[in-house]
Amino acid sequence: MSLEQLTNDIRDKVSGGGIEESVKFDLGDDGTIFLQGSEVNNDNGDADCTIKMSAEDLADMLSGDLNPTAAFMGGKMQVEGDMSVAMKLGSVV
């Protein structure tokens, strides 16, 4: 799945309102997705929480094929910054 598709998928999920804090998905060479509230873009700015994972794993997580807790425990996802922000994403993404 392309960065554009992933960005649009996240944009759709937070269209009704996201979380106040900022989150950056760092997908390595595939790029970044930055979200705050219902705003989603591909900026690479500072965020309250940065989640590092592959684009493929993010696609699986967004489709429901990969549980976020299992991804974290299995090393497929690393969280930097405020862990409580990452926990809030579960209700949105």
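You'll find the structure just up there.
The residue count restarts for each chain, going from 1 along the sequence in the order it is written. In view of the model being predicted, local features appear only for residues whose pLDDT reaches at least 70, and side-chain atom pairs are presented and counted only at 80 or more, with totals across whole chains, interfaces and linings using the full set of residues. Side-chain descriptors were evaluated using all non-hydrogen atoms of the structure, hydrogens and water having been removed beforehand.

A. Up close: helix 1 (residues 3-13). The cut-offs for exposure are 20% and 50% of the maximum accessible area for each residue type, with area from a 1.4 Å probe on protein chains only; residues under the lower value are buried, those over the upper are exposed, and the others partly exposed. Helix and strand definitions follow DSSP, with helices as H or I runs of at least four residues and strands as E runs of at least two, each counted in order from the N terminus. Those residues of helix 1 not exposed but buried are Leu6, Thr7 and Ile10. Down the axis, helix 1 shows its buried residues gathered within 100° of arc, on one side only. Of the exposed residues in helix 1, those oriented more than 90 degrees away from the buried face are Glu4 and Asp12. Contacts are assigned to residue pairs that have any heavy atoms within 4.5 Å of one another. Contacts made by the buried residues of helix 1 are with strand 1 (22-26), strand 2 (32-36), strand 3 (39-41) and helix 2 (55-63). It is the directions from the helix axis to the C-beta atoms that the arc portrays.

B. Summary view of helix 2. Taken residue by residue, helix 2 has Ala55, Asp57, Leu58, Ala59, Met61 and Leu62 as its buried positions. One or two residues past the end of helix 2 sits Gly64, with phi positive at roughly 90°.

C. Region of interest: the environment of Ser2. Along the chain, Ser2 falls in the segment before helix 1. On the basis of relative accessibility, which here comes to 33%, the residue Ser2 falls in the partly exposed class. On a C-alpha basis, the gap between Ser2 and Val14 in space is 19 Å, while along the polypeptide they are 12 residues apart.

D. Structural view of the pattern of salt bridges. The term salt bridge refers to a side-chain nitrogen of Lys or Arg lying within 4 Å of a carboxyl oxygen of Asp or Glu. Under the counting rule described, the total for this entry stands at 2 salt bridges. Close ionic contact of Glu21 with Lys88 constitutes a salt bridge, the shortest N to O distance being 2.7 Å. Placement of Glu21 in the loop between helix 1 and strand 1 and of Lys88 in helix 4 (residues 83-88) is noted, with a sequence separation of 67 residues between them. Lys52 is the salt-bridge partner of Glu80, the closest N and O atoms lying 3.2 Å from each other. Of this pair, Glu80 sits in strand 5 (residues 77-81) while Lys52 sits in strand 4 (residues 49-53), and the two are 28 residues apart along the sequence. Judged by relative accessible area, Lys52 falls into the partly exposed class, the value being 30%.

Limitation: the analysis is restricted to geometry and does not speak to function.
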